[in-house]
Structures are given as structure tokens and as C-alpha cells.
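Descriptive analysis of the structure
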Amino acid sequence: MGKNIVIKILGSHLVEGNLEPGTEIAIRIDQTLTQDATGTMAYLQFEAMGVPRVRTELSVSYVDHNTLQDGFENADDHRYLQSVAAKFGIRYSKAGNGICHQVHLERFGRPGRTLLGSDSHTPTGGGIGMLAIGAGGLDVAVAMGGGPFYLTCPKVVKVNLTGRLKPWVSAKDVILAVLERLTTKGNVGTMIEYGGDGVRTLSVPERATITNMGAELGVTTSVFPSDEITRQFLEAQKRAEQWVELIADADAVYDRTIDLDLGTLVPRMAKPHSPDNIATVKELAGLKVDQVMVGSCTNSSYRDLMLVAILLKGRRVHRDVSFGVAPGSRQVLEMIARNGALADIITAGARVLESTCGFCIGAGQAPKTDAVSVRTNNRNFEGRTGTKSAKVYLASPESAVAAALTGMITDPRDLGLPYPAIEMPAEFWIDDSMVLRPADKPEQVTIERGPNIGAPPAAEPLPDIIKGVVAIKVGDKITTDHIMPAGSRLKYRSNIPRYAEFVFEGVDPQFSKRALENKNAGIHNIVVAGSSYGQGSSREHAAICPMYLGIKAVIARSFERIHAANLINFGILPLTFANETDGDALGGGNEIEITGIKAALTAGSELSLFDRTTKKRIPLMYSLSTRQRDILLAGGMLNYTRTRSV
Ligand code: MIC
Ligand code: SF4
């Protein structure tokens, strides 16, 4: 039986288990990446493991999420990360060098390798043929220490691309079309493999736009073949020797195949407030736009920025539009600066922003009240921009420029302009001087801990009886942005007690105070939720801070993969209702009791909850491997790894 690409890479990295979908496997990790917002915790945890030097082939620490430095906190974090990298053998990409996923694709990603990153958009690396997976910082810390990464052996869905994109339709429209079909729900435990003749019509950065937003589907990762296009990209990055061919066998089997004819696609946008709320741009045309932002790890490559520059050349941004452009990396910025395209962007009236995540994570550029903001990034969750009433439409660079020029949503095909053909450069501008190499004499490096750097909080042992209250009840599709807001709160990422004050801030501002009061009174807190709980980011703070507030269990209809793993790592029980409707009567404030937890987890047997308020017993389920149950019983991952050698 022929092998697909996913199975080939998993097979060559398998260290535990069998490649049977649905079962737990462990794979060896070749490369890791972290970013500043998740990195400080990841490295504090790495330090706590006592491993003297990373054991991966390559580990890179990026500073890209929060570079606003409004106060000492950010700068403290950056300096801590720099000194840790120097000491433990990690490369350090300084603030200004670019967004982790874009830079990693350009300078480090290798076909056939595995990459684990403490950021949910790590699958961007799938564009270059690597198996790139997002995880919580603690899982990445373990991988840096040489430990394997555990995951559910996936089902593999093939997206069979045929034909060629028409002018004004681009990679973003491809992934929006996939999101329209597969939605953000129900794809946990799946990987997507792109194949078919259409693949060779897409450049590596275009492929990366598509794999990047696989995160929004909730799949574990997405991967493209490594072919001649990949080789040319690597050659242009002066890394030709790192190319290997990676294609599926002719008779490879898949759990499901979806056909997508690129030639039939039209420009699309994701409407507020979910990336799978898709409409064609034509349907939305005419809506007045207040802000347009181009950038983020989804659409900020040389190709994207050149397209923007050519369309803007000799034209002016609409007077009522605030238009921002953030190139994805210093390489992109430097290339458009040297070839004059940047000047065209500036002359047109754009605000040129640093090569960072910035606006995408709500670190700056919050739009005005009730604004319509058209953005090229990947998430449009309510409030993520920093303005709760803003409405974000996710779009391709083509559709974004059309909105910036006309002041309203406009199908770019109606601009009446010639479509710019962007050639991939034969050689990219290469200067890695902002990626610092680790110290030759690590023993001489002192780790710099400013006052913003706290100790990672230890998980408390799992109680045998959870006795307390439903501290909050929430609905479906609760994202990690709801649980643990980023934006202006990002600077508290290294200070758990302070950051915990903002848990569920946008949902119930009193939550944190109430939960802490319960905890201090010895009352356990639980969260009751709907389906797809924990969608979105990999931020483990959405588990650490609730842990700090005394949350012992989350009972939901279903969980997203990374968040469920983070809950387990921090000793919070992820439970589901045996009967879908059982959660309905379990209201906020109800008093509950779950008993016999340790014995049940040890035996893998059933648990139930007694609702003392309604006097009803509710059967509960969990989908946990033996290893995960052991982690919970040990009181979280750090306690668990301490009892074993990594
Ligand atoms: C995001 O896009 O939400 C982030 C910010 O990149 C997160 C990581 C974080 O919260 O630090 C992610 O996607 O994992
Ligand atoms: Fe950064 Fe946005 Fe990409 Fe997250 S999604 S890594 S915040 S650019």
C-alpha cells in the first residue's frame, strides 16, 4: 500500500506507538520555534527541567509578537529570552527581524523535517514540506530537552488541487474556500495533505498561506509536497542543499479526498467573527471600510507586498481609510526597500509598521468604535483587535488593496486594473545578522531576569474530590482569546498572578475576582462550555492562569487539540458530557461534586458529576491516553517529567 506524505514523515520520526489513526503516537522533533508571548514560560519551564543544552537539530527563539515596549515588561522579556538562548544553544531572532513563521519558512524550514512551535500557526512550515505542529510551550520545552512529542495519529484528508487560479484570486481565497467547506469545527485529529496538478502552480509562500490557516480548521497540521518549486525557493534562499523531494506514492491512500478546482475560485472574505463565516467579496461589495491592514504570518511575503506595492503605485489610499502595512520579515522589508516598492507604498498613504505580529494580536492599531476593518491575517474573533465593537473581514492582499483604494469592500476584479504578475526572485536578500548564535562559552552567560520575570507556577496535585461551583458557563466556539485576552494584556505573560486578573475578561469581567475568592475559601471552580472549547491560539496561559485561579475541571461538549493538551499539562481535567444536552441544566453558580477521581483515572473508568443544586447526577466522559491520565494524576506535566528522565 502506497504512503502519503504525512505517513512518510511520521513514519521516519516515530518513537512510540503504531501508525493507526486515533491512537496515541510519539514522534521525534527535529526543530523547535518559540515566540516572545509564549516563549518566556516555555524557557522558564525548560530551565526547571535542568537540561544543560537543547537536544534538537535547531531551536529558534523569535521576538515578534509584542514589541511595543510600553513599559519595562516587554524589554525585560526580550532580554531574558536573549540570555536564555545564548546559554542553552538556541538561536535568537531579535525584535525587528520578522514574524516567526515567515522567517522560519525563509531561513530554516526543511522539507521532511518535524517542527514543533509554541504557536498555533507553526503549520505555516507545511508550505515547504515539513511536518510543522503547534503546541503549548511546555510541550515545546520537553521537545527542546530531547523528549518526543505525543499526538493522536491523524486521519489524513487529501485536498486535490486542479487547474490554476484566475487573476485577482490568490492563496488566501483557496484556504477560505477550504474553510467554507470544512468549517472550524470537527477537524480535530486530522491532517491535511495538498496534492494534485494544481500544486505546481503555487509558490512556496502561497502554499504557506494555505497551510497557515489550517490552524483555523482545527487540523493538527497541513502539508504540501516538496517539489521543483520548493527546490527553487530553497535555492533562492541559498539553501538548495537542504532540499529533498517529498511526494506521495502514486497509490497512496487517504481517509478522504476533497477536490478543489483552483480555476473556479473567486475572491472571498471571512465575515465577523469567525474564519469560517465565508462570503464572496461580490456579496459584500459596497460596505464602507474604516481600516485596512496588510501583514501577519498569513499574508506578508515578498509576493504579497510586491502585489500591494504595484497596485498602489501612482494611486492614493481612500481618505477615510487608515491603511497599515507590516512586512512579514526583515528580508521582505529590505527587498521592497531596495527595489523601490516600499516608496510606492509610502507615497500612496500607507502607514508602514514594524515586521511583527502587532495589529494581528491586538498589539496596536485597534480600530475605531464599530469599525469595519479588512485584514489579511487569519483570525477575526470578536475583540481580538482591541476594539470589541469592530467587525473584521479576513481577505487576500488583492481584496485588501481594493478596499483601501475605494474605501469600501470591492471585488478586486472590478478595479479595472491589469493584474500584476509577481515573479519569485531568483535570489532573496539574505542577511541573518539579526539571528544571534548561541554563546560558545555558555557557562559564562548569566540569565537576565528583570522584575517582569516570575517563576512558572507549579500545578497542585489533582484532588480526589472536586467540590465546588460552576464558576462560569459559556457557549460554543470559545476561543483562547476569550479565555485569556492578548493585545494590551500581552505584557503580563511572564507574570501569572497579574495576567490571571484578565481571565474571561471580555465574557465576564468579574470572573477572575470571583474565582480567586472561591479558591481562597477552599471552593473548587469548574468551567462549563459548549463545543470547540479552546479554539485558536496555542497560548498555555489559557490553562496556566485558570489553574492559578483554582479551576480544577472544564466540562465541554468538545475541545480543540492544543488547548486540551495544555489543560492536561497544567493539571486541569478536560471532561465531556456523556449526553450532549446534559450541560443545559448545569448553570453558572450551581454547586457540584465529582468524587473518586483518582481511582477512576487510574482504572480508566467512568466519572460522574453530582449537581447539588438540581440534585441530578450527570455522567461524564474523557478521552485521555494512559500517559495523559498519568500526567493528570502526577499534578501536571512538570511534576510528571520530574519523575522520569526526559
Ligand atoms: C495568535 O495568533 O493568537 C498567537 C498570539 O500567535 C498565539 C500565540 C500566543 O497567544 O502567544 C497562537 O496562535 O498560538
Ligand atoms: Fe502573530 Fe498573528 Fe501569526 Fe499569531 S496569527 S503568529 S499573532 S501574525
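The present account deals with the structure reproduced in this document.

Burial analysis of strand 23 (residues 551–556) places 6 of its 6 residues in the buried class, which makes it a mostly covered element. As judged from the 4 bridges shared by strand 22 (residues 524–528) and strand 23, these two strands associate in the parallel manner. The residue of strand 23 that forms the bridge with Val527 is Val554. Once you follow strand 22 into helix 18 (residues 541–548) and on to strand 23, the crossover reads as right-handed. Bridging between strand 23 and strand 24 (residues 573–577) involves 4 bridges; their strand directions are parallel. Looking across to strand 24, one finds that Ala553 is bridged to Leu573.

What follows covers the packing of helix 2 (residues 36–49) against helix 5 (residues 137–144). Between helix 2 and helix 5, whose axes approach to 8 Å, the crossing angle comes to 45 degrees. Judged by the inter-axis angle, helix 2 sits oblique to helix 5. Viewed along their axes, helix 2 and helix 5 form a crossing whose handedness is right-handed. In contact with Ala42, Tyr43, Gln45, Phe46 and Met49 of helix 2, helix 5 contributes Gly137, Leu138, Ala141, Val142 and Met144. Classifying every residue of the contact of helix 2 with helix 5 gives 8 nonpolar, 2 polar and no charged.

Residues in close proximity to ligand 1 total 14 residues, the closest being His65, Asp119, Ser120, Ser538 and Arg539. A distance of 2.9 Å separates an oxygen atom of ligand 1 from a polar atom in the side chain of Arg379. A distance of 2.8 Å is found between an oxygen atom of ligand 1 and a side-chain nitrogen or oxygen belonging to Arg384. Compared with its free state, where it exposes 340 Å², ligand 1 has 97% of that area covered by protein.

Reading the values: rules and limits
- Residues numbered from 1 in each chain as written.
- Chains lettered and ligands numbered in written order.
- Predicted model: local features only at pLDDT ≥ 70, side-chain atom pairs only at ≥ 80, totals over all residues.
- Heavy atoms only, no water.
- Buried < 20%, exposed > 50% of the residue type's maximum accessible area, 1.4 Å probe, protein only.
- Helix = DSSP H or I, 4+ residues; strand = E, 2+ residues; numbered from the N terminus.
- Pairing = 2+ DSSP bridges.
- Right-handed = clockwise from strand over helix to strand, strands pointing away.
- Axes fitted to C-alpha atoms, helices over the stretch in contact; angles between N-to-C directions.
- Parallel < 35°, antiparallel > 145°, perpendicular 65-115°, else oblique.
- Left-handed = near helix turned anticlockwise from the far one by under 90°.
- Contact = heavy atoms within 4.5 Å.
- Nonpolar A, V, L, I, M, F, W, Y, C, P; charged D, E, K, R; others polar.
- Near = heavy atom within 4 Å.
- Polar contact = N/O pair within 3.5 Å; in protein donor to acceptor, adjacent residues only side chain to side chain.
- Areas by Shrake-Rupley, 256 points an atom, 1.4 Å probe, with all protein chains shown as cover.

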